[in-house]
Amino acid sequence: MHVEAPELPKLVLRGTPKEEQIKSQLGIYEEMFEYTTKMDWPTVLKLAEEFRASLERKTPSLYLEMQGIAEGAGVGILDIVALNCRSEISFGSFSDGCTSLSWKKNENARVLAQNWDWTTSVQKNLALMDIEISGKPRICMVTEVSCCGDWKHDIFVCLTSNRQTIASLGGVASSQHILIADSTTSLGLELSPLGDVHLKEDEDGFIMHTNHFIENKNVKEPSWIKGSPARLERAQQLAHELVNNGIKGDLITPSLLREQVFSDTCNAPQSICAQEDPSTHHTRRTSTLFNIVMNLDKQDLGAEVVVGQPGSGKESPVIKMPWM
């Protein structure tokens, strides 16, 4: 069932993190934890305390931001920590989707793009954010309104600083993939507590990823989301067909990627443009909630966001980022 994409609020946040007052999604995630992991919220909060202590010690600026979110929402700090560390606390029990790619346009320009798939009930709580904090880079992003502004989702623009930050913090606490890029380089970081592998651009300038490790063999990975290999193969097929049809350079546009790759529903419901599966519990019904395409070109830097499923006819109009 297609639902009209909501108009997302645009939040321009400046000053200290304590000035941020944004809505919490505690009800949604409390139910998700209860159904998926059989943990009640007090148990979740008990586990969140371990992450809270680490955040306060290793990333005090993030912790301060979470305190501001908690105060603004009128909830406890552990509630916000739990939402930001949900995947680690759930021990991988949450099942999402997501298809991401980077594509080399030329030596000094890349395109970085993703369909972000998650529980459909979360869509009403997404927001477009423009964050300015003294002494830090400006952040423009799409996020869940209860989440911290310095990290979110698995594609990032600033390549060097993200690699250095991850290393300086001692690595990651759970297995994950982060696709990072700037105008001159892209890397796919397949990260795990047992060792990391970095994916480089293929001969056509692509890095593509879904929800399973491609080259990192340090972790014995169960087939926890059956559609992931099929989505990866389909994305590779569609992207390389574009190359074979002469698409390169400035012909690589956000509209082309939305129409030719990210709207694809082959192998639905677990398709590149993910569809809800009505046979599953509503807390596990994943669908594509938005698509983002970033043009990493110093001469034409920006991004386009479409809220909802691209190509469905019910997605939002294109939103340009930054919008200020």
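Description of the structure in this document. Not measured: the values here are computed from a predicted model. Each residue is numbered by its place in its chain's sequence as written, counting from 1. Reporting in this predicted model follows two pLDDT cut-offs: at least 70 for local features of residues, and 80 or more for side-chain atom pairs to be given and counted; totals over whole chains, interfaces and linings ignore these cut-offs and use all residues. Derived side-chain values reflect all non-hydrogen atoms in the structure, with water molecules and hydrogen atoms excluded from consideration.

Before going further, it helps to examine the nonpolar core. Ranked by internal contacts, the top residues of the largest apolar core, which has 46 residues, are Tyr29, Trp41, Ile89 and Val305. Residues enter a nonpolar core if they are buried and are Ala, Val, Leu, Ile, Met, Phe, Trp, Tyr or Cys, with the set joined through side-chain atoms within 4.5 Å. Buried residues are those whose accessible area, probed at 1.4 Å on protein chains only, stays under 20% of the maximum for their type, while exposed residues exceed 50% and partly exposed ones sit between those limits. If you look at the next biggest cluster of nonpolar residues, it comprises 19 residues, including Val111, Leu238, Ala239 and Leu242.

Turning next to the environment of Glu56. If you trace the backbone, Glu56 turns up in helix α2 (residues 41-58). Pairs of N or O atoms within 3.5 Å make up the polar contacts considered here, provided that, within protein, one atom can donate a hydrogen while the other can accept it, and that residues adjacent in sequence are counted only when both atoms are side-chain atoms. At a separation of 2.7 Å, a polar atom in the side chain of Glu56 contacts the side chain of Arg52. Put simply, DSSP H or I for four residues or longer makes a helix, DSSP E for two residues or longer makes a strand, and each gets a number counted from the N terminus.

A few words on the side chain of Arg110. For Arg110, the location among the structural elements is in strand β3 (residues 109-119). Overall, Arg110 belongs to the buried group, its relative accessible area being 3%. Looking at Arg110, its side chain comes within polar contact range of the main-chain oxygen of Ser183, at 3.1 Å. A distance of 2.9 Å separates polar atoms of two side chains, one belonging to Arg110 and the other to Glu201. Leave out the neighbours within four places in its chain, and Arg110 touches Trp103, Lys104, Lys105, Asp182, Ser183, Thr184, Thr185, Ser186, Glu201, Met294, Asn295 and Leu296. By definition in these notes, contact holds between two residues if any of their heavy atoms fall within 4.5 Å.

To continue, consider helix α1 (residues 26-37). The span you would expect from a helix comes to 1.5 Å times its residue count less one. Here α1 is 12 residues long and its end C-alpha atoms lie 16 Å apart, about the 16 Å a rise of 1.5 Å per residue gives. Among the residues of α1, those classed as buried are Leu26, Ile28, Tyr29, Met32, Phe33, Thr36 and Thr37. Projected down its long axis, α1 shows its buried positions confined to an angular sector of 160 degrees, all on one face. On the buried face of α1, the contacting elements are α2, α4 (77-84), α5 (86-89), β3 and β5 (139-144). Picture the helix axis, draw a direction to every C-beta atom, and the arc is the one those directions span.

Residues of helix α8 (residues 254-262) that are buried include every one of Leu256, Leu257, Arg258, Val261 and Phe262, and no others. Where α8 is buried, its residues meet β2 (99-106), β3, α7 (227-244), β11 (286-297) and β12 (302-307).

Okay, the packing of aromatic side chains next. Two rings from Phe, Tyr or Trp (for Trp, the six-membered ring) form a pair when their centres sit within 6.5 Å of each other. Planes less than 30 degrees apart are called stacked, planes more than 60 degrees apart edge-to-face, and all others tilted. What the rule picks out here adds up to 4 aromatic pairs. Residues Trp103 and Phe206 carry aromatic rings whose centres are separated by 4.5 Å and whose planes lie at 35 degrees to one another, so their mutual orientation is tilted. In this pair, Trp103 is assigned in strand β2 and Phe206 in strand β10 (residues 206-209), connecting sequence segments 103 residues apart. Taking the relative accessible area as the measure of exposure, Phe206 reaches 2% and is therefore buried. Lys38 extends its terminal NZ or CZ atom over the ring of Tyr35, reaching a point 5.2 Å from the ring centre. For a ring to carry a charge above it, either NZ of a lysine or CZ of an arginine must fall within 6 Å of the ring centroid while also lying within 35 degrees of the normal to the ring plane.

This brings us to the packing of α2 against α4. Interaxial distance between α2 and α4 falls to 8 Å at its minimum, and their mutual angle equals 85 degrees. Between α2 and α4, the angle is such that the two are roughly perpendicular. In contact with Trp41, Val44, Leu45, Ala48, Glu49, Phe51, Arg52 and Leu55 of α2, α4 contributes Ile77, Leu78, Asp79, Val81, Ala82 and Leu83. Charged residues are taken to be Asp, Glu, Lys and Arg, nonpolar residues to be Ala, Val, Leu, Ile, Met, Phe, Trp, Tyr, Cys and Pro, and polar residues to be all remaining types, Gly included. Here the contact of α2 with α4 is built from residues that sort into 11 nonpolar, no polar and 3 charged. Fitted lines through C-alpha atoms give the axes, limited to the stretch in contact for helices. The angle between two N-to-C directions lies from 0 to 180 degrees. Any angle from 65 to 115 degrees is called roughly perpendicular, while one under 35 is roughly parallel, one over 145 is roughly antiparallel, and all others are oblique.

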